[in-house]
Amino acid sequence: MEISIPNKHKDFFHNVYDVVRLIPKGRATSYGAIAKYLGSPKSSRMVGWAMNAAHQFSDVPAHRVVNRNGMLTGKMHFSSPNKMEELLRAENVHVKNDKIIDFKEVNWDPTAELEL
DNA sequence: CCATTGACTTAAG
DNA sequence: CCTTAAGCCAATG
């Protein structure tokens, strides 16, 4: 029987996964930052969609990807609604009221860090 | 093919 | 900082 892996080697999704894997521990980035790094600043939603499929990969720390406001918008998509928050907290990232405290300090911009 | 939805972003108040 | 409205793009029905 065939494996249910939806994709192969398109680009956007694969690209997103690569960037997310590069996010340092204890850091976080936003969907828009990734989208912008990929050349489509307006495709922030697509990044989120890609992350939804990213759960198939163990190397993609989706918990390090939050929205621009530092809010854990995707927490409900994890195995448990609290899983994302715990993962972040385990990396010394303080989360309060479903959003990252001092997000500006833990924010990791691929465009700046990777110096495209 | 058209309509709806969504792990978003930006702008305006 | 919070709310509302509009824009954007692909997947899904």
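This text follows the structure it describes.
My aim in this report is to walk through the structure given alongside it, one point at a time.

Rules of the game
Residues numbered from 1 in each chain as written. Chains lettered and ligands numbered in written order. Predicted model: local features only at pLDDT ≥ 70, side-chain atom pairs only at ≥ 80, totals over all residues. Heavy atoms only, no water. Helix = DSSP H or I, 4+ residues; strand = E, 2+ residues; numbered from the N terminus. Buried < 20%, exposed > 50% of the residue type's maximum accessible area, 1.4 Å probe, protein only. Polar contact = N/O pair within 3.5 Å; in protein donor to acceptor, adjacent residues only side chain to side chain. Contact = heavy atoms within 4.5 Å. Phe/Tyr/Trp six-rings, centres within 6.5 Å; stacked < 30°, edge-to-face > 60°. Near = heavy atom within 4 Å. Nonpolar A, V, L, I, M, F, W, Y, C, P; charged D, E, K, R; others polar.

1. Points about the side chain of Glu91
- By the secondary structure assignment, Glu91 is in the loop between helix H4 (83-90) and strand E3 (95-96).
- Classification of Glu91 by relative accessible area gives buried; the value is 12%.
- One polar contact links Glu91 to His63, side chain to side chain, over a distance of 3.1 Å.
- A polar contact is formed between the side chain of Glu91 and the side chain of Arg64, at a distance of 2.7 Å.
- Here Glu91 is in contact with Lys25, Gly26, His63 and Arg64, once residues within four sequence places are set aside.

2. Re the environment of Val93
- Tracing the backbone through its elements, the reader meets Val93 in the loop between H4 and E3.
- Remark: the alpha-carbon pair of Val93 and Ala28, spanning 65 residues in sequence, is separated by 8.9 Å.
- When sequence neighbours within four positions are dropped, the list of residues in contact with Val93 reads Gly26, Leu88 and Ile100.

3. Focus on the environment of Lys104
- Examined against the element boundaries, Lys104 turns out to sit in helix H5 (residues 103-106).
- The exposure class of Lys104 is exposed, given its relative accessible area of 70%.
- In sequence terms Lys104 and Ile34 are 70 residues apart; their C-alpha atoms lie 16 Å from each other.

4. Digging into the packing of aromatic side chains
- Per the stated rule, a full pass over the model turns up two aromatic pairs.
- With a centroid separation of 6.4 Å and an interplanar angle of 80°, the aromatic rings of Phe13 and Tyr17 are classed as edge-to-face. One end of the pair is Phe13 and the other is Tyr17, both in helix H1 (residues 12-21) and four residues apart, which spans about a single turn.
- Its relative accessible area of 6% is what places Tyr17 among the buried residues.

5. Things to note about the protein's contact with DNA strand B
- Neighbouring DNA strand B are 17 residues; Arg45, Met46, His55, Arg68 and His77 lie closest to it.
- Across the atoms of DNA strand B situated within 4 Å of the protein, the share located in sugar and phosphate is 51%.
- Here His55 contributes a side-chain N or O atom positioned 2.8 Å from a base nitrogen of DNA strand B.
- Looking at the surface near DNA strand B, the elements with two or more residues in it are helix H2 (31-37) and helix H3 (44-54).
- Ranked by residues supplied to the surface near DNA strand B, first place goes to H3 with six residues.
- When grouped by side-chain class, the residues that make up the surface near DNA strand B number five nonpolar, ten polar and two charged.

Honestly, that's just the spatial picture; any functional story needs more than this.
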